[in-house]
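Read off the chains here:
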Amino acid sequence: MGQITLDKVTKRFGEVEVIPPLDLEIGDGEFTVFVGPSGCGKSTLLRLIAGLEDVSGGQIRIDGRDATETPPARRGLAMVFQSYALYPHMSVRKNIAFPMKMAGVPEDEQKRRIEGAAKALNLTDYLDRRPGQLSGGQRQRVAIGRAIVREPAAFLFDEPLSNLDAALRVGMRLEISELHERLKTTMIYVTHDQVEAMTMADKIVVLRAGHVEQVGSPLELYRSPRNLFVAGFIGSPKMNFIEGEEAGRHDARTIGIRPEHVSVDPSGPWSGVVAVSEHLGSDTFLHIHETGLCDVMTVRAGGELDVHHGDRVRLSPDLSKLHRFDGQGLRIA
Amino acid sequence: MARAVTPRRKAINTALAWGIGILIFFPILWTILTSFKTEAQAIADPPLFLNFDWTLENYVTVQERSNYFRHFWNSVVISVGSTLIGLLIAVPAAWAMAFVPGRRTKDVLMWMLSTKMLPPVGVLVPIYLIFRDTGLLDSRIGLVIVLTLINLPIIVWMLYTYFREIPGEILEAARMDGAGLRSEILYVLTPMAVPGIASTLLLNIILAWNEAFWTLNLTAANAAPLTAFIASYSSPEGLFYAKLSAASTMAIAPILIMGWFSQKQLVRGLTFGAVK
């Protein structure tokens, strides 16, 4: 079980309120991702749930029980840190065994679980090494192994992949997703990378300056962002925002259209000059100037489109995918 | 880009390093050599380097005239005792300052260090009078107390720097893994702090072993350590160079041997913070 409820949780550092009263419900077995720009309070929120920071107000409930004053050691949660935070003086085996030793798990049971975790994480050959002798990816796996064996109510991940190189990151992302499929344990995952959020989450919590901007499934956020911030943050490349006359025509202060919903079309209503075209093979991203609508419009076009710097193109938006926002930046339904 | 090292430059660097090394070591070497000369050879002009009649006569005389082992034992008790008591006080202090710093932690550290800026002779008279009135003069306990207090700021500073190097996230990980304060200190913090504590211990034993101001001023016969033993052979006219050298060699030999065996720890202790 791992249902976590935040009830008007606040956090102040001195005079500064980093988390204003915040309510959030994380269901049992859910993979929840906290995402937002740096400094938005997502890590602080995770540390409050972990118990590594004391809340300034409100209540944290784990499986219905008030855990606000419970020390981290007794909350039954496991955490994977950005820096891995392995014990440098212990072998991989001892690192993984440590939480079980603390919990008083019998020796043979410890051994069984270590072997299971090592097998699942491809660590069997490294059990007797020290963390210093492992690569970044292996260290991360040890940190995950250490979290798994204690069979926690929930896993907390604090930007676990940001110290890995790009290729390894994609691999570990899949491993963590698979792990969640297998264990069905609640996971809370903090990241500033919206791609990680989109690909892994059952539920995304978008945070800005301690406020929850929107909570929803990846596709909900993609299809109907509640405001300009969420619209701009979720999706890659970023949504194009258009103000002025063109927006007025759609009864909105601002309209947004994603790059994948604009196509190169000789009979399209918009036109502009290609500044940069990025040919990825599968896709071509065009950065278009002089549209008279916005500074730079990004367009995702077909893979083998033959368009180059300086070419004038006509563009056609898919009006059914247009997002409209009012003067406060809120979505108009 | 790393600078290319030409063979010529390498030869010059090597020669320079050896030169400086010998320059630093020369006084100790000369002391050891002189201890094997006769008194006449010790003051010979021009000085004799290796071509003299090697003799152990000085060592025999020194051991006959004074009880080396009593001084040696006093040195051991005073240096090890003051260092251990110092660590006992400094470990919790440094721990608190490194892991739960308050608003004034930096000021406290500076203030402790500032006590080292006071010339010891400035407080000699009051401390002497206090020791006289409390019966601590010429006692090993008295010297342990005074050397503990003298070296405490350095011990706290060294440990503080070591503890600061221990990443806080590892301690948080231990907490998440279910460790209470006792387990956290026992299984995680202490093993990681042991190298730092060890080099602090070694360096302070050396400092206390060679401390001469307080040991000379506060002892007479009973508690006199090896520093006083050396001093008893220095006469104003400088007639007993060979015996003085023999006494010095005997006094520094134990600490030199200890230092040799713990080189790795010591180098880390002396360069802490500077190299990772």
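The structure presented is a predicted model; accordingly, all values stated were derived computationally and were not measured. (Residues numbered from 1 in each chain as written. Chains lettered and ligands numbered in written order. Predicted model: local features only at pLDDT ≥ 70, side-chain atom pairs only at ≥ 80, totals over all residues. Heavy atoms only, no water.)

> Explain the overall build of chain A to me, please; I cannot follow it from the model alone.
When helices and strands are tallied, chain A shows 9 helices and 18 strands. Along the three orthogonal principal directions, the C-alpha set of chain A runs to about 75 × 45 × 30 Å. For chain A, long-range pairs separated by at least 24 residues make up 62% of all intrachain contacts whose partners lie at least 6 apart in sequence. Carbon and sulfur atoms make up 47% of the accessible area of chain A, which amounts to about 15,300 Å² in all. The positive charge centre, built from 40 side chains, and the negative charge centre, built from 45, are 6 Å apart in chain A. (Helix = DSSP H or I, 4+ residues; strand = E, 2+ residues; numbered from the N terminus. Contact = heavy atoms within 4.5 Å. Areas by Shrake-Rupley, 256 points an atom, 1.4 Å probe, with all protein chains shown as cover. Lys, Arg positive; Asp, Glu negative; His and termini not counted. Charge placed at Lys NZ, Arg CZ, Asp CG, Glu CD.)

> Looking at this structure, I do not really get the overall build of chain B. What am I missing?
For chain B, the helix and strand inventory stands at 13 helices and 0 strands. Reported as C-alpha extents along the three principal axes, the dimensions of chain B are approximately 70 × 65 × 30 Å. Within chain B, buried positions represent 38% of all 276 residues. Across chain B, contacts joining residues at least 24 apart in sequence account for 74% of those joining residues at least 6 apart. For chain B, the exposed surface amounts to about 15,800 Å²; the carbon and sulfur share of it is 71%. In chain B, 20 side chains carry a positive charge and 15 a negative one; their mean positions are 10 Å apart. (Buried < 20%, exposed > 50% of the residue type's maximum accessible area, 1.4 Å probe, protein only.)

> For this particular structure, what's the right way to read the pattern of salt bridges?
Residues and elements named next belong to chain A. The tally for this structure, following the rule as stated, stands at 23 salt bridges over all chains. Its salt-bridge partner being Arg249, residue Glu245 comes within 3.9 Å of it at the nearest N-O pair. When sorted by exposure, Glu245 lands in the same class as Arg249, which is exposed. A salt bridge links Asp283 to Arg300, with the nearest nitrogen and oxygen atoms 3.0 Å apart. With a gap of 17 residues between them, Asp283 in strand S15 (residues 283–289) and Arg300 in strand S16 (residues 297–302) connect regions that are remote in the sequence. One connected set of salt bridges, linked through shared partners, spans Glu109, Arg112, Arg113 and Glu151. (Salt bridge = Lys/Arg side-chain N within 4 Å of Asp/Glu carboxyl O.)

> What is the right way to read the UniProt feature "domain: ABC transporter" (unreviewed entry) in chain A from this model?
Summarizing the sequence annotation, UniProt attributes the feature "domain: ABC transporter" (unreviewed entry) to residues 4–234 of chain A in the numbering used throughout. A helix fraction of 37% and a strand fraction of 26% characterise residues 4–234 of chain A, whose end C-alpha atoms lie 25 Å from each other. (UniProt positions renumbered as here; feature names shortened; annotations may be inferred.)

> Sorry, what's going on with the pairing of strand S12 (residues 254–257) of chain A here?
Residue and element names in this part refer to chain A. Alternating positions in S12 separate into two faces, Thr254 and Gly256 on one and Ile255 and Ile257 on the other, with burial throughout. Bridge count for S12 against strand S18 (residues 323–325) is 3 bridges, and the pairing is antiparallel. Following the sheet pairing, Gly256 is matched in S18 by His323. (Pairing = 2+ DSSP bridges.)

> Whenever I open this one, the interface of chain A and chain B confuses me. Can you help?
Interface size is commonly expressed as the accessible area that is lost once the parts come together. Between chain A and chain B, the contact holds 24 residues from the first and 15 residues from the second. Approximately 1,700 Å² of surface area, both sides summed, lies buried where chain A meets chain B, with 64% of it carried by carbon and sulfur atoms. Among the residues chain A hides against chain B, the three largest losses belong to Tyr87(A), His89(A) and Met102(A). Together they make up 28% of the total. Counting every contact that joins chain A to chain B gives 2 salt bridges. In this structure, Asp177(B) engages Arg146(A) in a salt bridge whose closest nitrogen and oxygen atoms are separated by 3.4 Å. One can count 8 residue pairs in polar contact (both at pLDDT 80 or more) joining chain A with chain B. Taken together, the elements giving at least two residues each to the side of chain A that touches chain B come down to helix H1 (42–50), strand S6 (77–80) and helix H2 (92–103) of chain A. Looking at the side of chain A that touches chain B, the element that brings in the most residues is H2(A), giving 4 residues. Classifying every residue of the side of chain A that touches chain B gives 17 nonpolar, 3 polar and 4 charged. (Buried area = accessible area lost by both parts, 1.4 Å probe. Polar contact = N/O pair within 3.5 Å; in protein donor to acceptor, adjacent residues only side chain to side chain. Nonpolar A, V, L, I, M, F, W, Y, C, P; charged D, E, K, R; others polar.)

> How should the domain arrangement of chain A be read in this particular structure?
All names here are of chain A. For chain A, the assigned domains are domain 1 (4–230) and domain 2 (237–332). Between domain 1 and domain 2, the C-alpha centre-to-centre distance is 37 Å. In this complex, domain 1 contributes 8 residues to the contact, which on the side of domain 2 involves 11 residues. Here domain 1 and domain 2 share an interface that buries about 770 Å² over both sides, 58% of which is from carbon and sulfur atoms. The largest contributions to the domain 1 side of the interface with domain 2 come from Tyr222, Pro225 and Leu228, which together make up 68% of the buried area. Taken together, domain 1 and domain 2 are joined by 0 salt bridges. Where domain 1 touches domain 2, the interface holds 5 residue pairs in polar contact (both at pLDDT 80 or more). (Domains from an automatic or database assignment.)

> Could you clarify how one ought to interpret the sheet that holds strand S7 (residues 154–158) of chain A in this entry?
The strands that make up a sheet are held in pairs by hydrogen bonds between backbone atoms, and each pair lies either parallel or antiparallel. Residues and elements named next belong to chain A. Spatial ordering of the open sheet is given by S6-S7-S8-S3-S9-S10, a layout of 6 strands whose pairing is mixed. Each having just a single partner strand, S6 and strand S10 (211–216) make up the two edges of the open sheet. Within this sheet the neighbouring strands show an average axis-to-axis angle of 15°, counted without direction. The pairing of strand S3 (residues 31–35) with strand S9 (residues 203–208) spans 4 bridges and is classified as parallel. Bridge pairing links Thr32 to Lys203 in S9. Against the sheet, helix H5 (residues 166–183) contacts S3, S7 and strand S8 (186–191), and its axis sits at roughly 160° relative to S8. (Axes fitted to C-alpha atoms, helices over the stretch in contact; angles between N-to-C directions.)

> I keep staring at the sheet that holds S12(A) and nothing clicks. Help me out?
Residues and elements named next belong to chain A. In space, the 3 strands of this open sheet follow the order S11-S12-S18, with antiparallel pairing throughout. Strands at the two margins of the open sheet, each flanked by one partner only, are strand S11 (240–243) and S18. Between one strand and the next, the sheet's axes are offset by a mean angle of 25°, whatever the strand orientation.

> Before we go on, may I ask you to explain the nonpolar core in this structure?
Note on soluble globular proteins: their nonpolar side chains tend to be buried together. Leu6(A), Phe34(A) and Leu156(A) are the most contacted members of the largest nonpolar core, which has 63 residues in total. At 8 residues, the largest contribution of residues to this core is made by helix H7 (residues 140–165) of chain B. Discounting chain neighbours no more than four positions away, the residues touching Leu156(A) are Leu46(A), Ile49(A), Ala50(A), Leu77(A), Ala78(A), Met79(A), Val80(A), Ile188(A) and Met176(B). By size, the runner-up hydrophobic cluster in this structure holds 44 residues, among which are Ile114(A), Phe157(A), Leu179(A) and Phe233(A). (Core = buried A, V, L, I, M, F, W, Y, C linked by side-chain atoms within 4.5 Å.)

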